[in-house]
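A closer look at the structure
Residues per chain are reported as follows:
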Amino acid sequence: VFVRSGHILCKKMRPRRSVAAMAEDPYTVEVYGSPARGRIYIDDGRSHHFQMGAFVLDEISFDGASVSSRPAQLPHSFRRPLPADRGPLASPSAAGLRVERLVLHGLTRRPVA
């Protein structure tokens, strides 16, 4: 896979027989170059509650020294009011939101802890 410098990819790397089996697996964040930016979108993978806002959309950035994450700004067309009569929404489980590994590609010097 070719990835242009300045991008970040988030992947689930554990081999599984199905997507459902990967639901609770942690992510591997791969950073290509410095500075780099990327986005990650996560929903529960089972319901249509993403249509009502039950999802995570974050922007991830790397400035050469640290990786940071913050909620991404949504376009106005994605902002929908949550209906009061729908009950609790399914959202991504906390177990599936973990980062297991950070891989840095193409840095000009060794990172310092």
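Above this text sits the structure in question.
First things first, this report covers the structure right here in the doc.

What counts and how
Residue numbers here run from 1 along each chain, matching the order of that chain's written sequence. Totals for whole chains, interfaces and linings use every residue, but because this is a predicted model, local features are given only for residues with pLDDT of at least 70 and side-chain atom pairs only at 80 or more, for both listing and counting. Remark: hydrogens and water are excluded; side-chain values derive from all non-hydrogen atoms of the structure. The criterion for an aromatic pair is that two Phe, Tyr or Trp rings (for Trp, the six-membered ring) have centres within 6.5 Å, with stacked assigned to planes under 30 degrees apart, edge-to-face to planes over 60 apart and tilted to the rest. Under the DSSP-based scheme used, a helix requires at least four consecutive residues in state H or I and a strand at least two consecutive residues in state E, with every element numbered from the N terminus. Burial status follows relative accessibility: with a 1.4 Å probe on protein chains alone, a residue under 20% of its type maximum counts as buried, one over 50% as exposed, and anything between as partly exposed. Two strands qualify as a pair provided that DSSP identifies no fewer than 2 bridges between them. Put simply, a nonpolar core is a bunch of buried Ala, Val, Leu, Ile, Met, Phe, Trp, Tyr and Cys residues held in one set by side-chain atoms that sit within 4.5 Å of each other. Contacts were defined at the residue level, with two residues in contact if any of their heavy atoms lie within 4.5 Å. In the analysis that follows, any N or O atom pair within 3.5 Å is treated as a polar contact, provided that within protein one partner can donate a hydrogen and the other can accept it, and provided that, for residues neighboring in sequence, both atoms belong to side chains.

Next up on the list: the packing of aromatic side chains. Scanning the model with the defined rule gives one aromatic pair in all. Ring geometry for Tyr41 against Phe55: centres 5.3 Å apart, planes inclined by 40°, an arrangement best described as tilted. In this pair, Tyr41 is assigned in strand S3 (residues 36-42) and Phe55 in the loop between S3 and strand S4 (56-62), connecting sequence segments 14 residues apart. Taking relative accessible area as the criterion, Tyr41 reaches 42% and is therefore assigned partly exposed. Its relative accessible area of 19% is what places Phe55 among the buried residues.

Looking now at the pairing of S4. By the criterion of burial, S4 is predominantly enclosed, with five of the seven residues buried. Relative to S4, S3 runs antiparallel, the two being bridged by seven bridges. Counterpart to Ala36 in the pairing with S4 is Phe62. Pairing of S4 with strand S5 (residues 67-71), which is carried by five bridges, proceeds in the antiparallel orientation. Paired with Ile60 across the two strands is Ser69, which belongs to S5.

Before going further, it helps to examine the environment of Arg4. Topologically, Arg4 is positioned in the segment before strand S1 (7-11). Considered as a pair, Arg4 and Tyr32 are 28 residues apart in the sequence and their alpha carbons are 7.2 Å apart.

Right, let's get into the nonpolar core. Residues Ile8, Tyr27, Val29, Val31, Ala36, Ile40, Ile42, Ile60 and Phe62 constitute the largest nonpolar core, which totals nine residues. When residues of this core are traced back to their parent elements, those giving at least two are strand S2 (27-32), S3 and S4. Setting aside chain neighbours within four positions, we find Ile40 in contact with Cys10, Tyr27, Val56, Leu57, Asp58 and Ile60.

Bringing unusual backbone geometry into the picture now. Between Ser34 and Pro35 the backbone carries a cis peptide bond, its omega angle lying at -5°. Within the secondary structure layout, Pro35 lies in the loop between S2 and S3.

Structurally, the position occupied by Tyr32 is in strand S2. The class of Tyr32 is buried, set by a relative accessible area of 16%. Along the primary structure Tyr32 and Gly6 are separated by 26 residues, whereas in three dimensions their C-alpha atoms are 5.6 Å apart. Setting aside anything within four residues of it in sequence, one finds Tyr32 in contact with Val3, Arg4, Ser5, Gly6, His7, Leu9 and His105. A distance of 2.7 Å separates a polar atom in the side chain of Tyr32 from a polar atom in the side chain of Glu30.

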